[in-house]
There are 2 protein chains.
Amino acid sequence: MKATIINIGDELLIGQVVNTNAAQMSQMLITGGFDVVGVYTIGDNGDAIRDTLSNCLKISNIVLITGGLGPTKDDITKKVLCDFFHSELYENEEALENVKKRLAAHGRELTPINRQQAWVPRACTMVNNILGTAPCMWFELPDSTPAPVVVSLPGVPFEMVNLMQTEVVPRLQQHFRTDCILNKNLLVQGIGESFLSDLIEPWELALPANIRLAYLPQPGLTKLRLTARGSDFTQLQQQVDAALKTLYPIAGEYIVGEDLETMPELVAQTMLSRGFTLATAESCTGGAVAAKLTALAGASEYFVGGVVSYSNAVKESALGVRHETLAAHGAVSEETAREMAVGVRERLNADFGVATTGIAGPGGGSPEKPVGTVWIAVASPHGVFTKKLSCPGRRAQVIERTCSELYGLLVKRAKELPAK
Amino acid sequence: MKATIINIGDELLIGQVVNTNAAQMSQMLITGGFDVVGVYTIGDNGDAIRDTLSNCLKISNIVLITGGLGPTKDDITKKVLCDFFHSELYENEEALENVKKRLAAHGRELTPINRQQAWVPRACTMVNNILGTAPCMWFELPDSTPAPVVVSLPGVPFEMVNLMQTEVVPRLQQHFRTDCILNKNLLVQGIGESFLSDLIEPWELALPANIRLAYLPQPGLTKLRLTARGSDFTQLQQQVDAALKTLYPIAGEYIVGEDLETMPELVAQTMLSRGFTLATAESCTGGAVAAKLTALAGASEYFVGGVVSYSNAVKESALGVRHETLAAHGAVSEETAREMAVGVRERLNADFGVATTGIAGPGGGSPEKPVGTVWIAVASPHGVFTKKLSCPGRRAQVIERTCSELYGLLVKRAKELPAK
């Protein structure tokens, strides 16, 4: 089953907002067992919406549309879809109840403008959007069997994500009677993508035909996704388990996590399940190690705090790095990283202290310590572990990779210890 | 002049990579005086590339294509364009020299595979890509006057940006003999978008017809962009200066910066121009205040470091917040924010200390202090300034808005002091 995505909105077209919906929707469609063949961003323009929708229906059975569902006059998606399906608008009771509920939650009255949000074309099945006032609309075209489907979703990211997860993808799977899909994520670290590919190629070639493998590389991390497809879920589970059983002897040393999307999630899971606390000491990452961890709700359960020691003076005063260490080895050195990690662990009274110090660039490099040279350290109850990184790329990539590698080293060491 | 963008790459289509190129290219085209009417993301698929290109040429005079220019067999853009323009590939000397230079910079030898990067269709004008091995290719269609243009660019973001800025946009402006364009950015804070719009509406209506105003809202900040279009650059400059002269008496109190894109840039400019140093103390933002500042190169010139005091214990031990303050007022309070800012300023020995403490959510709220309640503080040589925020939205938005408001308060207070 082929799907296309149309993201409507002048703010996307002029580049004011980066279109993150597209990637999220693609991922959800693909893990749901559908192929995505095109993503189209257009403005709030009737002709563009009509033409793009017609083109999409020529190359796909599923067209998902986001945006243009607000109550202002710029937002014309509903009107255009109503015309496209030769239908007329009516006030949907369930949608109206939801609009009232949403407004009440924000202490607001129902206005005539807001009431319009509950009007939907008769040709559609209204799908309630419990997180917002714009309903989701499901249209079917009687052209063929199974009928091609057009779904209009709100453009607000968290409303769209919730509707996709709870309503749209399950309904699509039912409508098209697709196979069961089982996805399994593995986080892999410490080996480059091409080396990993060489290492596991024989294993990949021996996978059953109904299991596909995808490589999703990020700086300092490769996510492997196994997608199994078939009629029986239990059987898929057995197949995937069997595949993992043969993968671990080959590449197990590089597999740091299962069933997670990101390294910060893996850190949270590892620390929380073992009852460990964490403190961070950052130089070249400038707060990013802590910010990525605390972007996840519940971080306060294990993360006590951190120090961003950008200057050498702060490395000394706030972390207790010795002046002689900085003088003898420089700020970017194994010794400094070690003392930062030990210092923050002691001063912030945590089970683990982690540290980064390096040259993020573009300036500051030297022949001995070029841009991208980074030392990371993990101080644990059982000692201190350090690692030198040579990060390719620009400032943002150096910071990204350093965070990822540090999370990996921390998790590895934390897993070696018994839970508290 | 209408433009379309085609971003080619399976990694974009499956949602593995968020398409940030699209927004950057749109912005550059629009500030260059062109309209963007559609953005299309497709896979590395010959038919899709051909069909999409044909469709784009029906609705635009300019088609910019990114991606699919690597040396591996997945990358087919060059081959498809060569066929589309009924041309043949040849080895371009200038491109070959550039490939050799790029490889040498990374200590690598020229291989037959890499050498292929220097082959381009005879039908195109080769535009050298000094940051990468894939050349940019400029095609013209002799259909009409001025000839429609198709440009193929590499998908690597920094290579694309450099080529757009230095080559593609200037060449497009020359080719289509477009008007001069003058863009002026204003960063506005402390007033919601709709209130701002009401406030300056009379001024906006009185703008000359060749000046357009765009609102680009972000959490805690609105960017206003004036775009003036005309034949004479000096005259545009005078017009924009005159427009600003009448804007400041109306809304000057909310304008925090000119000619900048982001608040971290404004912080850097303000602190560096005055010779001030800065230290950060963060609770609810968890390191994001520091990470956003240090994401910009050169931050070490004014940023000495910071403390992420997530737990109360760290607020006391690392920042000197008094136990009685936390007990009497709680961690999320004006008093705690004040003591955090003063503490980090003193302990890290900076001119300015800034602090955040609040409830980012989704948990942790109470009737008196609901999710989104945040106190920010700025400790300066002349005293401490605090502000309470009530941030709508989810965790990420609360953090984003808090950072933005804090940067604004810091800049305001720093500008009141004479340079050191």
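Given the structure is predicted, the values throughout are model-derived calculations rather than measurements.

Novice: What is the right way to look at unusual backbone geometry in this model?
Specialist: Glycine aside, the phi torsion of most residues is negative, and most peptide linkages are trans. The step from Thr145 of chain A to Pro146 of chain A runs through a cis peptide bond, and the omega angle for that step is -5°. If you check the backbone angles, Asn349 of chain A has positive phi at about 55° while not being a glycine. One can find Asn349 of chain A in the loop between helix H14 (334-347) and strand E15 (352-358). Even without glycine at this site, Arg177 of chain B takes up a positive phi of about 45°. Tracing the sequence through the fold places Arg177 of chain B in the loop between helix H7 (157-175) and strand E9 (180-188).

Novice: Any chance you could explain the interface of chain B and chain A here in plain terms?
Specialist: Accessible area lost upon the coming together of the parts is a frequently used measure of interface size. Listed as interface residues are 54 residues of chain B and, on the opposing side, 54 residues of chain A. Both sides together, the interface formed by chain B and chain A hides about 3800 Å², and carbon and sulfur atoms give 62% of it. It is Leu13, Ile14 and Tyr310 of chain B in chain B that bury the most area against chain A; as a group they hold 13% of the surface buried on that side. Those elements that place two or more of their residues in the side of chain B that touches chain A are helix H2 (20-31), strand E2 (35-42), strand E10 (211-218), helix H11 (288-294), strand E14 (303-309), helix H12 (312-319) and helix H15 (395-415) of chain B. In the side of chain B that touches chain A, the residues fall into 31 nonpolar, 20 polar and three charged.

Novice: Looking at this structure, how should I read the relation of the copies chain B and chain A?
Specialist: One copy of the chain maps onto the second through a rotation about an axis and a displacement along it. Of the two same-sequence chains, chain B is brought onto chain A (RMSD 0.1 Å, axial shift 0.0 Å) by a rotation of 180°. Here the symmetry operator amounts to a two-fold rotation axis. An overlap of 100% is found between the interface residues of chain B and their copies at the interface of chain A, pointing to a shared contact surface.

Novice: Sorry if this is basic, but what is going on with helix H5 (residues 93-105) of chain A here?
Specialist: An α-helical segment advances 3.6 residues per turn. Residues three or four places apart therefore align on the same side. All names here are of chain A. Given a rise of 1.5 Å per residue, 13 residues ought to cover 18 Å, and the 18 Å separating the end C-alpha atoms of H5 matches this to within 8%. Along H5, the residues that are buried comprise Ala95, Leu96, Asn98, Val99 and Leu103. All buried residues of H5 fall inside an arc of 160° around its axis, so they share one side. Exposed and facing more than 90 degrees away from the buried side of H5 are Glu93, Lys101, Ala104 and Ala105. In this structure, the buried side of H5 is in contact with strand E4 (89-91), helix H6 (112-115) and strand E6 (125-127). Put simply, Asn92 is the residue that caps the front of H5, since its side-chain oxygen is 3.0 Å from the backbone nitrogen of Glu94.

The rules behind each value
Along each chain, numbering runs from 1 in the same order as the chain's sequence is written. Starting at A for chains and at 1 for ligands, labels are handed out in the order in which the entities are written. The predicted nature of this model means local features are confined to residues of pLDDT at least 70 and side-chain atom pairs, given and counted, to a pLDDT of 80 or more, with totals for whole chains, interfaces and linings taken over all residues. Derived side-chain values reflect all non-hydrogen atoms in the structure, with water molecules and hydrogen atoms excluded from consideration. A run of DSSP states H or I qualifies as a helix once it reaches four residues; a run of E qualifies as a strand once it reaches two. Both are numbered from the N-terminal end. In what follows, residue pairs with any heavy atoms lying within 4.5 Å of each other are defined as contacts. Accessible area, probed at 1.4 Å, shrinks when two parts are joined; the buried area is that loss added up over both. In the scheme used here, Gly and all other residues not listed as nonpolar or charged are polar, with Ala, Val, Leu, Ile, Met, Phe, Trp, Tyr, Cys and Pro taken as nonpolar and Asp, Glu, Lys and Arg as charged. Alignment of copies: least-squares fit on C-alpha atoms of residues with pLDDT of at least 70 in both copies. One less than the residue count of a helix, multiplied by 1.5 Å, gives the span that helix is expected to have. Here's how the labels work: a residue is buried when its accessible area is under 20% of the maximum for its type, exposed when over 50%, partly exposed in between, all with a 1.4 Å probe on protein chains only. The arc under discussion is defined with respect to the helix axis, by the directions toward the C-beta atoms. Polar contacts here mean pairs of N or O atoms no more than 3.5 Å apart (in protein, one a potential hydrogen donor and the other a potential acceptor; neighbouring residues in sequence count only if both atoms are side-chain atoms).

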